[in-house]
Structures are given as C-alpha cells and as structure tokens.
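If you want the building blocks of each chain, they are given just below.
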Amino acid sequence: MKEKLQQAALTLLNRKGFKFTMGDLASELGISKRTIYEHFASKEELIGAIVDEAIHEVLQTQRDIYGRPDWSAARKLKAILSIVPSGLRLADARVLEEMRRHAPQEWVKVDRLLEEEWGTVEALLQEGIASGELRPVDIPSVVQCMRGASFAVFDPDFLVNAKVSLVGAVDAMVDTLLFGIVSQGDGKSNIAESSEGM
C-alpha cells in the first residue's frame, strides 16, 4: 500500500505541485484519509519517503553502472554524470522549485547528494587515466568543476529562466565536461596561437 500511496502522490505532485492535500490523495485513490495515516503520519513524511526513494534510485543506478565490466571508464563516467531520477519527476523545474520552497528539509537531501556523492566519479577518473583512456588531469579540480556544474543545472531558477528541461541541461553539461567546446582537430593549438598574440 505504501508504494501505491507514493505513486499516487507523485501523480498529484506532477498535477498540483506540493500544495496537494492528504484529502486530494484519498480522493485520487478512493480511500479514506485514515488509511493513508496508517502508513504515513503526515504529508511531509510521505514526501520524505518519495525523495528518499529517488535518492536510492540514483545511488543504485550509479552502483549498477560502475559494476559493468563490459563498459569503458569513459562510458561509465558519461552514464553516471547523466543520471536523473525518474520517480520524483526531478526533470520538472516547477517541482524542483516547489520542493525548495515547500519542503526545504527534502531539498537539503538533494543538495547533499549533489555535494557528497563523487567517490565513484573520482574512481572512474583514476581508472580512465591509468588505462590511458582519459588524459591526465588534476582529479580534485575536475571533480570540483563537475560538482559545481551539477549544482548549477539542478538550480530551479536556472531551469525556469533558461526554459530547458533538467535532462537537456544535464546532457549539455556532460557533453561539455567530457568533450569541451572546442572543435576537434587543431582547436587546442588555435587557442594557444590566438592567446599568444594578446
């Protein structure tokens, strides 16, 4: 029943945002509010369970990708940086903005995930450099850039004002972090030559 309640709450979050009530949820499922309160003491607890599930999904997906023996370090890195949780509809800028405003304690969990979960990325960078698949870089600096970019694209204000989906912003971020913005070929030498004349 808990899973059914969470799925119905997700539907309401998508439709009404964080202002949905437990009465709305009861009507959605054709049950009494009492039945809901047998499983969740409050709307806040229910939303907390949904956010926890989304974070668990991200971490599990990350572990699954890292464990793929048939994938290169670069492919794993691209896949891990591209993870967007499906359940919470975090791809919706409005939902992110409302979470930040109406459920700040849950937004802190998302912030913490973006801040702390970089050990796998560090390991992949080390493996890729050791195998020659990735060029040697200063790993702490690169991870800090990736962390900052992730915070920036998950910022609801950016998503609303840029009129871009979270998935689109994440794809652009990952592409730029892994491949840069200079065209392949002589791009690096062209930059060096043009900066010498300054």
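Residues numbered from 1 in each chain as written. Predicted model: local features only at pLDDT ≥ 70, side-chain atom pairs only at ≥ 80, totals over all residues. Heavy atoms only, no water.

*Asks:* What is the right way to look at the pattern of salt bridges in this model?
*Replies:* Charged atoms that come close allow side chains of opposite charge to pair. This structure, assessed with the given rule, holds eight salt bridges. Of the charged contacts, one joins R100 and D155 as a salt bridge, the two residues approaching to 3.4 Å between their closest N and O atoms. Residue R100 is located in helix α6 (residues 93-102), and its partner D155 is located in the loop between α9 (139-153) and α10 (156-162); the two are separated by 55 residues in the primary sequence. For R147, the salt bridge is made with E115, and the minimal N-O distance between the two is 3.7 Å. (Salt bridge = Lys/Arg side-chain N within 4 Å of Asp/Glu carboxyl O. Helix = DSSP H or I, 4+ residues; strand = E, 2+ residues; numbered from the N terminus.)

*Asks:* Can you walk me through helix α5 (residues 73-81) in this structure?
*Replies:* Residues separated by three or four positions in an α-helix point in the same direction, a consequence of the helix having 3.6 residues per turn. Taken as a whole, α5 has its buried residues at A73, K76, L77, I80 and L81. All buried residues of α5 lie within an arc of 125° about the axis, which places them on one face of the element. (Buried < 20%, exposed > 50% of the residue type's maximum accessible area, 1.4 Å probe, protein only. Arc of directions from axis to C-beta.)

*Asks:* Quick question: what am I supposed to make of the packing of α9 against helix α11 (residues 166-179) here?
*Replies:* Relative placement of two packed helices is described by the angle separating their axes and the distance separating the axes. The interhelical angle for the contact between α9 and α11, taken along N-to-C directions, is 160°, at an axis separation of 10 Å. Relative to α11, the element α9 lies roughly antiparallel. In the packing of α9 onto α11, the handedness of the crossing is right-handed. Along its contact with α9, which presents M146, A149, S150 and V153, the element α11 presents L166, A169, V170, M173 and L177. Of the residues contributing to the contact of α9 with α11, the split by class is eight nonpolar, one polar and no charged. (Axes fitted to C-alpha atoms, helices over the stretch in contact; angles between N-to-C directions. Parallel < 35°, antiparallel > 145°, perpendicular 65-115°, else oblique. Left-handed = near helix turned anticlockwise from the far one by under 90°. Contact = heavy atoms within 4.5 Å. Nonpolar A, V, L, I, M, F, W, Y, C, P; charged D, E, K, R; others polar.)

*Asks:* How should the packing of α5 against helix α8 (residues 119-131) be read in this particular structure?
*Replies:* For the pair α5 and α8, the least separation of the axes is 9 Å and the interaxial angle reads 160°. Classed by the angle they form, the pair α5 and α8 counts as roughly antiparallel. Where α5 crosses over α8, the handedness of that crossing is left-handed. Side by side, α5 and α8 meet where A73, K76, L77, I80 and L81 of the first sit next to T120, V121, L124, L125 and G128 of the second.

*Asks:* I keep staring at α9 and nothing clicks. Help me out?
*Replies:* Under the 1.5 Å per step criterion, the end-to-end length of α9 is 21 Å for 15 residues, consistent within 8% with the ideal 21 Å. Three or more residues of α9 are buried, namely I139, V143, M146, R147, A149, S150 and V153. Along the axis of α9, the buried residues cluster in a sector spanning 165°; they form a single face. Pointing more than 90 degrees away from the buried face of α9 are the exposed residues P140 and C145. (Expected span 1.5 Å × (residues − 1).)

*Asks:* Sorry, what's going on with the packing of aromatic side chains here?
*Replies:* Two aromatic rings are characterised by how far apart their centres lie and by the angle between their planes. The tally for this structure, following the rule as stated, stands at zero aromatic pairs. Taking the ring centre of F40 as reference, the NZ or CZ of K2 above it sits at 5.3 Å. Between K43 and the ring centre of F20, over which it is positioned, the NZ or CZ distance is 4.9 Å. (Phe/Tyr/Trp six-rings, centres within 6.5 Å; stacked < 30°, edge-to-face > 60°. Lys NZ or Arg CZ within 6 Å of the ring centre and 35° of its normal.)

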